[in-house]
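Here is how the chains run, residue by residue.
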Amino acid sequence: MWRKAEVSLRPEISEDIPFLEELVFTIREGEPGFRDLALTERTTLLKEQACLQRAHYRKVYPAAHFMIVEADGRPIGRYYVYQASDHLLIVELSITPAFQGHGIGSQLMKSSLAEAMRTKMPVRLSVEIGNPAISFYEGLGFVWERTEASHHGMGWMPPSECFGLRKL
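Residues numbered from 1 in each chain as written. Predicted model: local features only at pLDDT ≥ 70, side-chain atom pairs only at ≥ 80, totals over all residues. Heavy atoms only, no water.

## Topic: the pairing of strand β2 (residues 65-71)
Line of reasoning, step 1. Within β2, six of the seven residues are buried, which leaves it mostly tucked inside the rest of the structure.
Line of reasoning, step 2. Two elements, strand β1 (residues 7-11) and β2, share five bridges in a ladder whose sense is antiparallel. Paired with Val7 across the two strands is Ala71, which belongs to β2.
Line of reasoning, step 3. Note: β2 against strand β3 (residues 74-83), seven bridges, orientation antiparallel. In the sheet register, Glu70 faces β3, and the bridge partner there is Pro75. (Buried < 20%, exposed > 50% of the residue type's maximum accessible area, 1.4 Å probe, protein only. Helix = DSSP H or I, 4+ residues; strand = E, 2+ residues; numbered from the N terminus. Pairing = 2+ DSSP bridges.)

Below you can see the structure in the form of structure tokens.
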């Protein structure tokens with residue numbers, strides 16, 4: 001029987017690096033291009049990818065909130081959010097497969113959408129083409145804004161009532 005875990009966020013620290021490497025590995029190991037590699041080669045590449053991705057996020061979004069998602073005190077994901085001057089950007093939301101489908105990602109996203117309504121800002125994110133998470137975001141009201149080489153840019157606008165407008 002599934003027991004609802006107590007979910008919390010805390011700032012990411014350097015001691016989280018092994019968990020973050022494992023998170024990238026568990027999420028990406030079965031993808032085309034990785035799954036056909038030998039385990040040692042796949043592990044090396046995915047660890048390198050985790051390191052490069054972490055450095056990239058910190059360089060491009062130095063003021064972002066880099067948060068570790070925990071369930072009952074143990075890390076199960078990461079949630080990176082950047083507050084730009086004119087929008088809220090979900091930089092990364094990754095939950096380990098064992099905890100996917102239990103409403104944790106929805107809870108985090110709904111919290112960000114509530115903040116966007118409060119501040120009257122749109123929310124933006126980028127999703128890799130073919131990622132099953134696209135339907136998750138569409139279910140939350142995100143729409144496609146653009147498509148690039150490997151990603152879809154998606155956006156969510158606060159309801160017009162947040163801007164003091166009346167629906168006709």
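## Digging into helix α2 (residues 39-60)
Line of reasoning, step 1. When the terminal C-alpha atoms of α2 are compared, their 31 Å separation across 22 residues agrees well with the 32 Å that a helix rising 1.5 Å per residue should span.
Line of reasoning, step 2. Within the span of α2, buried status applies to Arg42, Leu46, Ala50 and Tyr57. With its buried residues spanning 75° around the axis, α2 presents them on a single face. In α2, those exposed residues whose orientation departs by more than 90 degrees from the buried face are Thr40, Cys51, Leu52 and Lys59.
Line of reasoning, step 3. Those residues of α2 that are buried are in contact with α1 (17-28), β2, β3 and β4 (88-95). (Expected span 1.5 Å × (residues − 1). Arc of directions from axis to C-beta. Contact = heavy atoms within 4.5 Å.)

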